[in-house]
Amino acid sequence: MSSIRENGVGEELDGRNDDDDDLKAPLLRPASGGAVTITVSTAAGQNSKAAAAADKKVRTAKFKIRDIKCTACTASIESMLKELAGVQTVAISVLDGHAAVTYVPELTTVEKIKETIEDAGFPVEHLSEQDIAVCRLKIKGMMCTSCSESIERALLLVDGVKKAVVGLALEEAKVHFDPNIVDIAGIIESIEDSGFGAVLVSSGADVNKVHLKLEGAECLEDCKRIRSLLDSAQGVNHVEMDMDEQKVTINYDSAITGPRSLIQLIEEASPGDNIYLATLFVPPRQRESDQLQETRMYRNQFLWSCIFSVPVFLFSMALPMLHPYGNWLSYKLYHNLTVGMLLRWILCTPVQFIVGRRFYVGAYHALRRKSANMDVLVALGTNTAYFYSVYVIIKATFAENFEGQDFFETSAMLISFILLGKYLEVVAKGKTSDALAKLTELAPETACLLTLDADGSVVSEEEISTQMIQRNDIIKIVPGAKVAVDGVVVDGQSHVNESMITGEARPVAKRPGDKVIGGTMNENGCIYVKATHVGSEAALSQIVQLVEAAQLARAPVQLLADRISRYFVPAVVVVAFVTWLVWFTAGEVGLYPRNWIPKAMDKFELALQFGISVLVIACPCALGLATPTAVMVATGKGASQGVLIKGGDALEKAHTVKTVVFDKTGTLTVGKPQVVSAVLFSSFSMEEFCDLATAAEANSEHPIAKAVVDHAKRFRHKIGSSPDHIPDVKDFQVHTGAGVTGKVGERVVLVGNRRLMRTSEITLVPEVEKYIFENEELARTCVLVAIDGKMAGAFAVTDPVKPEAQRVITFLRSMGITSIMVTGDNRATAAAIARDVGIDYFFAETSPVGKADKIKDLQGKGVIVAMVGDGINDSPALVAADVGMAIGAGTNVAIEAADIVLIKSNLEDVVTAIDLSRQTIARIRMNYVWALGYNVLGMPIAAGILYPFTGIRLPPWLAGACMAASSLSVVCSSLLLQSYKKPLHGRD
């Protein structure tokens, strides 16, 4: 019945150390001494155009070459490859035959390279890799969901594109593609062919990137020398040079090199008197600059339109009502052509065709790709008003008795109001990513780099940009300064405020060996930090990447808007035409009295006004923005409070959760077990007993195993005899959910629970059973130790319950959510823990697969299940659950199995995640009410349904203002999520 190997799924994770994972060296190390790198010149006769292509597009193919015995073999292969046009460099490992060939795809292929190696007399195999690259693009010109869908369809038609997601609110696209078939330039071209602009934001190669400004590189030869040097440098993945601007962009592996090393490499390559200098260049942030540019564009267009539209409004509606000041507008120039008509035509035309050009372009591209968007509606509405007004002017000029009303003010003011709405919408949308912007600004700009001598004494201090920090640098953090980098404290003590990352308001004590997160605030002590994660590997960067990915992901509730948008614009055009036809026909056959027609209008013009109003009041934009803006605000707000939501899907599912399944160790409990008692059931001395148990458990990374090892070390230290080293264990074996076995010296040692003893046929005498029963009643776990087939002793281990656990379970119950505990521990211990925290249902002695099966059983009953675990051992259950929550992730925020990552080990964030999801879905529904309300209520009013009863008529320019207001109201509604407060707050 007893099970001590729990920690989420009751299994050992040997070979892993949770505390040291972040400090491990990369799995892929650069080849040492056994690799030969050869620079191969392009074949003779290669023209300049091909050489230019070589600079632009280079790819690397990897091969396994057999029968290589010495460097002479590599030389013979090189002599063959250097004759092949397009091959640039070759790196061959003499030891294992692995080769990496850099080539230009325009000039040669993998098959040609392979055939060349085979012709040299060596069997070769092409090592196929996962040739799927990812890029993020900034999209310009999107107006509504129809636009984003059109771009997605266009991208998916491109050969080589595997997946494409376009986010309307974020105005970005994420494209997964095969770089062997299509490149980023081809993807951008396909977007531009669809009528939209596209700019590269980042690509998969941008893992770690540095931009440098060069000085002293005065000619083409200098630039080629620097590029060749960088290309051949260890750890450099890709180099891009702008010779005109003298800038170089380098993608590098932070485990091998860094910005300062690259700068030093460039400067040391200076030939003779010509000295190369390289300095850090920080390009403007793409998103902020694009947003600022877009805001300025709409503002300027609106102001230009106002310069012409305001006089048009005055000449058509204000001055004619102010006698005698407006009488001059009625002065006839020729026949019935008046001064007012001519002025309105002159002033309206620039608004229609210059300021309003963007609507024509958008409508053209939309119709060309056989779709329709808001641009189509605006172009139809304004053109109808404008060209009918031109018709009126022509008739008034040449007909002596013609009297008609022009609608130039409708066209001009409609465009002005739409531009005002777009301007306000862009400003409001910019605020939806405020939380994300604040995260990116947390990192300090400079850091204090220490240089140490062999004894560890400080030799010098230097202030550098945080972008120049490299792995293993020692950084000095003074009181009141921000921590510049993710790392480990190597000297000093302090308290660090991590609230800006984790949401935890209480400062956390930091001592040597403790981890710190870049962007947090050092409060009262000076500490030295060794950098472990830099650039895109830092926690802050990973959080930002995770939130950006979540904001781009589409929530299932968005599908409603997508379905509506496909038919919305065509339906509106039909409704507008029917509206005009009904009113015009009714007027012609006399179905309404003549006094319904306003002065200076006729039946046709009244019907036309109703039709135009229907066209311009309909707004597909508001529908498209209802979900993504709310998701953007919610994910950003969640990130600022320590809750990372990996997309709209997780955000939507979480609000339907009815059952939360908790892991025990490290989730409901603190996760730091301690041995509280040890007892002997044999003639072994306590020293020998502890030594043998320690030897077996030292190979395990389980928290309980660590507790046993720590206890044994403390016991040895207490009696004053510390062994020089831990004895080696042979035949070590892990028994999942039961324990470990091994041979220490000549003795066979078993350390585990009752199940391990039972399967190993170890007899448990009544004395042992009594010890187990007494400790399990106290919520302790018993670790049994058998030596040479006989019970030798046991340890009692306790793991205290988290102080907030009971409060969280109670609050979840008040939300209508049932809590269940699933653990690999024994039933008595599980019952005691469940009783302490207030959980009514629990499953004990459950294996990793068993935990996932329990969740599937609950799902089979129609229950939406969330699983809360440590994110490592609980991965089967996290994947099986409808919503997986990884708790206590710390700096390891890239947990693939979880849908939601809770940065700090606080159960209150489980409540926060579910509550935030509920609030967000409620806000999305409210957004749909706003969006659909405008259209459902506005279109009938615009069509004149109230006119026969109340005389209320919606002029086209006012209908356009309503359309602009609908998008703005949806965005402002989403912004209300910025005021979200946690339902539970941590207590000191």
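Look up a bit, the structure's there.
Conventions used here
- Residues numbered from 1 in each chain as written.
- Predicted model: local features only at pLDDT ≥ 70, side-chain atom pairs only at ≥ 80, totals over all residues.
- Heavy atoms only, no water.
- Helix = DSSP H or I, 4+ residues; strand = E, 2+ residues; numbered from the N terminus.
- Buried < 20%, exposed > 50% of the residue type's maximum accessible area, 1.4 Å probe, protein only.
- Areas by Shrake-Rupley, 256 points an atom, 1.4 Å probe, with all protein chains shown as cover.
- Pairing = 2+ DSSP bridges.
- Salt bridge = Lys/Arg side-chain N within 4 Å of Asp/Glu carboxyl O.
- Axes fitted to C-alpha atoms, helices over the stretch in contact; angles between N-to-C directions.
- Contact = heavy atoms within 4.5 Å.
- Expected span 1.5 Å × (residues − 1).
- Arc of directions from axis to C-beta.
- Patch = residues over 30% accessible without salt bridge, like charges linked within 9 Å, V, L, I, M, F, W, Y side chains within 5 Å.
- Lys, Arg positive; Asp, Glu negative; His and termini not counted.
- Charge placed at Lys NZ, Arg CZ, Asp CG, Glu CD.
- Phe/Tyr/Trp six-rings, centres within 6.5 Å; stacked < 30°, edge-to-face > 60°.

A. A look at the overall build of the protein. For the protein, the helix and strand inventory stands at 31 helices and 37 strands. Here the protein holds 988 residues, and 52% of them are scored as buried. As displayed, the protein offers around 43,600 Å² of accessible surface, 56% of which is attributable to carbon and sulfur atoms.

B. Structural context of unusual backbone geometry. The backbone of H335 sits at a positive phi, close to 50°, despite the residue not being glycine. Here H335 shows up in the loop between β14 (332–334) and β15 (337–338). A residue is classified by how much of its surface remains accessible, and H335, at 30% relative accessible area, is partly exposed. Backbone geometry places N472, a non-glycine residue, at a positive phi of 75°.

C. Structural view of the pairing of strand β17 (residues 458–465). The pairing of strand β16 (residues 446–452) with β17 spans seven bridges and is classified as antiparallel. In the sheet register, T446 faces β17, and the bridge partner there is S465. In this structure, the hairpin formed by β16 and β17 is closed by a connection of five residues, where G456 is found at a positive phi of approximately 90°.

D. Focus on the sheet that holds strand β18 (residues 474–477). On the basis of which strands lie adjacent, the open sheet formed by six strands has the order β17-β16-β18-β24-β19-β22 and antiparallel pairing. Single-partner strands in this sheet number two, and they are β17 and β22 (515–516).

E. The arrangement of the environment of K114 in detail. Among the secondary structure elements, K114 is positioned in helix α3 (residues 110–119). The class for K114 is partly exposed, based on a relative accessible area of 22%. Separated by 49 residues in the primary sequence, K114 and I65 have C-alpha atoms spaced 9.6 Å apart.

F. Spatial organisation of the pattern of salt bridges. Considering all chains together, one arrives at 15 salt bridges under this definition. R807 serves as the salt-bridge partner of E908, at 2.2 Å between the closest nitrogen and oxygen. Taken together, the residues E908 in helix α29 (residues 908–942) and R807 in helix α25 (residues 805–814) connect sequence positions 101 residues apart. Through salt bridges that share partners, E688, R747 and D788 make up one connected network.

G. Representation of the sheet that holds strand β32 (residues 790–798). What the six strands build is an open sheet, ordered β27-β32-β31-β30-β29-β28; its pairing is antiparallel. Edge strands, defined here as strands with exactly one partner in the open sheet, are β27 (674–680) and β28 (729–735). On average, each strand axis in the sheet is inclined to that of its neighbour by 15°, with strand direction left out of account. In this sheet, strand β31 (residues 781–787) lies alongside strand β30 (residues 747–752) in antiparallel orientation, the contact comprising four bridges. Residue pairing for β31: L750 is matched across the bridge by A786. Contacting β27, β28, β29 (739–744), β30, β31 and β32, helix α21 (residues 686–697) crosses the sheet at an angle of about 75° to β30.

H. Helix α6 (residues 220–231), seen in detail. Between its first and last C-alpha, α6 extends 16 Å over 12 residues, near the 16 Å set by a 1.5 Å rise per residue. Burial in α6 covers these residues: D222, C223, I226, R227 and L230. In a view along the axis of α6, the buried residues occupy a sector of 130°, so they form one face of it.

I. Quick look at a negative patch on the surface. A grouping of E111, E115, E118 and D119 is seen on the molecular surface, where their side chains present a negatively charged patch. Residue placement: E111 occurs in helix α3.

J. How the structure looks around the packing of aromatic side chains. One pass over the structure, following the stated rule, counts 20 aromatic pairs. Arranged with centres 5.9 Å apart and planes meeting at 80°, the rings of F315 and W328 form a pair that is edge-to-face. Taken together, the residues span a long stretch of sequence, with F315 in helix α8 (residues 286–318) and W328 in the loop between α8 and β14 at a distance of 13 residues. Three or more aromatic residues link up through ring pairs in this structure, and these residues are Y388, Y391, F577, W580, F584 and F604.

Everything listed here is a matter of coordinates, which is why it stays silent on function.
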